[in-house]
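Examination of the molecular architecture
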Number of protein chains: 2
Amino acid sequence: MTDDLREQVHAAARRARVAADDLVLATRERKDAALHEMAAALRARAPEVLEANAKDIEAGRAAGLSEGLLDRLALTEKRIDGVAKGLETVAGLADPVGEVLRGSILPNGLELRQVRVPMGVVGMVYEARPNVTVDAAGLALKSGNAALLRGSSSAEHSNTALVAILRDALEAAGLPADAVQLLPCHDRASVTHLITARGLVDLVIPRGGAGLIDAVVRQATVPTIETGVGNCHVYVDATADLDMAETIVLNSKTRRTSVCNAAESLLVHAAIADEFVPRITAALRDHEVTVHGDETFARQEGVVAATDDDWDTEYLSLDIAARVVDSLDEAVRHIAEHGSGHTEAIVTSDVAAARRFTARVDAAAVMVNASTAFTDGGEFGMGAEIGISTQKLHARGPMGLAELTSSKWVAWGEGHVRPSS
Amino acid sequence: MTDDLREQVHAAARRARVAADDLVLATRERKDAALHEMAAALRARAPEVLEANAKDIEAGRAAGLSEGLLDRLALTEKRIDGVAKGLETVAGLADPVGEVLRGSILPNGLELRQVRVPMGVVGMVYEARPNVTVDAAGLALKSGNAALLRGSSSAEHSNTALVAILRDALEAAGLPADAVQLLPCHDRASVTHLITARGLVDLVIPRGGAGLIDAVVRQATVPTIETGVGNCHVYVDATADLDMAETIVLNSKTRRTSVCNAAESLLVHAAIADEFVPRITAALRDHEVTVHGDETFARQEGVVAATDDDWDTEYLSLDIAARVVDSLDEAVRHIAEHGSGHTEAIVTSDVAAARRFTARVDAAAVMVNASTAFTDGGEFGMGAEIGISTQKLHARGPMGLAELTSSKWVAWGEGHVRPSS
């Protein structure tokens, strides 16, 4: 049975490879036409998606899923239109494939260029939301990759309906249906088979909680990109404008609590603690945020004493860990020890402090006098985002189309040979 | 004992992390001064290096190492001067750290830049040649990384002497000695501890045979870059200029047989087989190359009948596998099945064939009417090379200083917060 599943995943990967070989030759015109075809088909066939989604919602309710999860799972006519619009946006973005990254004519006359090429076969492992199915398929297609999608079993009916529509649209546009495939989702082992299909799969991107991502990264023999775990800090420096600091802390923490760019920890320089600690604690309380504080913070009303775990916790809720530090360097050390390499912010008026913080903090994004909430592909002008990488290899921060590509050196000569050295 | 070794490797990695935190702030001026200091110290202290090297050579001879391996192991005053010159060349290269890769002012006024930053702690696992110790240390330093070097036990005395000199020079230049450390080399387990030191080590680059690289990639939980396995093909198309084809095949095969960019397989279009097969077979024979051929080639004098294994073999010797293909697409399929993603060449007069081959062949480098031997950091103008990546993630092809870096997004604002959406 497990061997069957392995063969099922590998067979899908082999079909994806054949499709990827076709996609390498697909022009932007053909890919964009397919994206528009996919968008139109989703709108036209929305009723069958909604019918399938109703089955998932019913099953989810019977299985006791929380209202929050049911909401993430639910599709509506409007949400379907939203993902269709997303495909049209991707069609409007420049094609990353073929972009010349570097190029020159070598002293011997050889014409050398490094060009972007598709990665090949890209696997995505993700959780409940069915809109990710469409987003991932669209971004993969535009960047010339075949997609193997491993969604959540709780969205199985929705994903099956969506992928059937996307595949029909691909064929209608003259591209291989196998450029988008849904993998079996009932057994965790299908993830294992995907991330160990070395030679068949070029890249796997897990999107989900820390547990999923850690398991994938540890077991994988296929290259992976870690995404989306954010223990983000806001550090309020000695010279901070305290009005600005309050605004940035509140926005970073409360704009949306369930996203990876939300702040989870607050560090305050000792020199301003007397004034700022009471003030920010009150402001956070007004916004229904529970502060898990160190000794200084714990003297304020309503603050819960922090435990060691708090400094490492990605709450994704109206909670924040908070402590006082004696210096910028202590803040940097705290972030080095507890941060997840996602987004770190400093609020300061001091140029030297800002320069030191941005240079020393090792994270995908560092904000000076700005909210952590800006770390986002859309905000960064990428037009679309497949996730936010917290690793250092290949892609770091928001991943758009370019991050789904590799490169290739191409040299044109006229009989060039290399002399012996 | 094994636990001791693990702790030894981890302790070195923690010291490297501290050093890396310093290197992040090191200006190009300081790094270049250290590189010149290292070069001068190597020349000044050449006698102690030669003395240590003599011990390695003696031990190697006693252990029955081949003359080839002994030659790779041997240092001379001239070779030491060569590696010192290499350090000076690296000092002359632009600093990759701080390069702005992308940047703009967002519509809301936030100033956003993506800048190159050091990777952090980089591990290198490599075989006999002690010059790699110096090359790797120099490239790591220039790109702001701390290096953990795991060389061969057969070069232990040489590497120990070299690293002691490099560390003294670092300190003399005001940089941390722990930016360059040598790991224990007697137990294979030190490699295992290095490649599983997740969170302590940012990147490991194995340089060596396919066995080493495969083992590292399979066991590693730390990100790795596969390097240097080359089953490179030359495909001679129907429209090839046969004089040019002969020159390119001979150069690709015989210029240096022991390097990863040497050709190991020859594919000939059926339309020119009658003329070209006898001709190239004779030319290869004149250069003492043994041809392992398919049926058509095997009819020629001196050709050995190829077995299935030949198509997948990186000979690194005066041997070449050779077959006739019916079309360019068959050549592409053969390369997809047997190639290692290193370098593939086509010889053709036909623009459409060249375009199709370069688009469809999935390799780090594709040559049109040029020798496979050009895939090299020096030839590509990188100034120096740490290896040739055959993977698609992060770096592909020759790896110079830029490939030893990651990136970071830095945004400067004046109290910017993100509106609710």
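Calculation criteria
Residues numbered from 1 in each chain as written. Chains lettered and ligands numbered in written order. Predicted model: local features only at pLDDT ≥ 70, side-chain atom pairs only at ≥ 80, totals over all residues. Heavy atoms only, no water. Patch = residues over 30% accessible without salt bridge, like charges linked within 9 Å, V, L, I, M, F, W, Y side chains within 5 Å. Areas by Shrake-Rupley, 256 points an atom, 1.4 Å probe, with all protein chains shown as cover. Salt bridge = Lys/Arg side-chain N within 4 Å of Asp/Glu carboxyl O. Lys, Arg positive; Asp, Glu negative; His and termini not counted. Charge placed at Lys NZ, Arg CZ, Asp CG, Glu CD. Helix = DSSP H or I, 4+ residues; strand = E, 2+ residues; numbered from the N terminus. Contact = heavy atoms within 4.5 Å. Buried area = accessible area lost by both parts, 1.4 Å probe. Domains from an automatic or database assignment. Axes fitted to C-alpha atoms, helices over the stretch in contact; angles between N-to-C directions. Parallel < 35°, antiparallel > 145°, perpendicular 65-115°, else oblique. Nonpolar A, V, L, I, M, F, W, Y, C, P; charged D, E, K, R; others polar. Least-squares fit on C-alpha atoms with pLDDT ≥ 70 in both. Polar contact = N/O pair within 3.5 Å; in protein donor to acceptor, adjacent residues only side chain to side chain. Buried < 20%, exposed > 50% of the residue type's maximum accessible area, 1.4 Å probe, protein only. Pairing = 2+ DSSP bridges.

It is worth spelling out a negative patch on the surface at this point. Taken together, the side chains of Asp 308, Asp 309, Asp 312 and Glu 337 of chain A present a region of like negative charge at the surface. Summarising the element assignment, Asp 308 of chain A is placed in the loop between strand 10 (304-305) and strand 11 (319-325).

Across the boundary between the two partners, chain B contributes 75 residues, which contact 75 residues of chain A. Roughly 6,200 Å² of surface becomes buried between chain B and chain A when both sides are summed, with 55% attributable to carbon and sulfur atoms. When the area that chain B buries against chain A is broken down by residue, the three leading residues are Leu 393, Trp 409 and Arg 418 of chain B, summing to 14%. Along the contact surface separating chain B from chain A lie 10 salt bridges. Asp 202 of chain B is the salt-bridge partner of Lys 392 of chain A, the closest N and O atoms lying 3.2 Å from each other.

What follows covers the domain arrangement of chain A. We note that the domain assignment places domain 1 (2-226 + 393-411) and domain 2 (232-374) within chain A. Between domain 1 of chain A and domain 2 of chain A, the C-alpha centre-to-centre distance is 35 Å.

All names here are of chain B. Contact geometry of helix 2 (residues 28-44) with helix 5 (residues 77-92) gives a least axis separation of 9 Å together with a crossing angle of 170°. By the angle between their directions, the pair helix 2 and helix 5 is classed as roughly antiparallel. Side by side, helix 2 and helix 5 meet where Arg 28, Asp 32, Leu 35, His 36, Met 38, Ala 39, Leu 42 and Arg 43 of the first sit next to Ile 80, Asp 81, Val 83, Ala 84, Lys 85, Leu 87, Glu 88, Val 90, Ala 91 and Gly 92 of the second. Partitioned by chemical class, the residues of the contact of helix 2 with helix 5 number 10 nonpolar, 2 polar and 6 charged.

Turning our eyes to something else, we now look at the relation of the copies chain B and chain A. Relative to chain A, chain B is turned by 180° and slid 0.0 Å along the rotation axis, the superposed coordinates differing by an RMSD of 0.0 Å. Given the turn and translation reported, the copies of this chain are related as if by a two-fold rotation axis. For chain B, the minimum C-alpha distance to the rotation axis belongs to His 394 of chain B and amounts to 1.8 Å. Looking at chain B, 100% of its interface residues are interface residues in chain A too, so the copies touch through the same face.

Another aspect to go through is the environment of Arg 102 of chain B. Position of Arg 102 of chain B relative to the elements: it lies in strand 1 (residues 100-105). When the C-alpha atoms of Arg 102 of chain B and Ser 406 of chain B are compared, they prove to be 13 Å apart, with 304 residues separating the residues in sequence. If sequence neighbours within four positions are ignored, Arg 102 of chain B has contacts with Met 382 and Glu 403 of chain A together with Leu 112, Arg 113, Gln 114 and Trp 409 of chain B. Among the polar contacts listed, one links the side chain of Arg 102 of chain B to the side chain of Glu 403 of chain A, at a separation of 2.8 Å.

Attention now moves to the pairing of strand 16 (residues 405-416) of chain B. Here is the key point about a regular strand: its side chains alternate between the two faces of the sheet. Of all 12 residues that make up strand 16 of chain B, 9 are buried, and the element is covered over most of its length. The sheet contact formed by strand 13 (residues 365-370) of chain A and strand 16 of chain B spans 5 bridges and is parallel. Note that in strand 16 of chain B the partner of Ala 365 of chain A across the bridge is Trp 409 of chain B. The sheet contact formed by strand 2 (residues 111-118) of chain B and strand 16 of chain B spans 8 bridges and is antiparallel. The residue of strand 16 of chain B that forms the bridge with Leu 112 of chain B is Ala 411 of chain B.

Residues and elements named next belong to chain B. In the structure shown here, the tally under the stated rule is 54 salt bridges over all chains. Its salt-bridge partner being Asp 95, residue Lys 31 comes within 2.9 Å of it at the nearest N-O pair. Placement of Lys 31 in helix 2 and of Asp 95 in the loop between helix 5 and strand 1 is noted, with a sequence separation of 64 residues between them. Both residues of the pair, Lys 31 and Asp 95, belong to the buried class. We note a salt bridge from Asp 329 to Arg 360, for which the minimum N-O separation is 3.3 Å. One end of the pair, Asp 329, is in helix 13 (residues 328-338); the other, Arg 360, is in helix 14 (residues 351-360), and 31 residues separate them in sequence. With a relative accessible area of 24%, Asp 329 lands in the partly exposed category.

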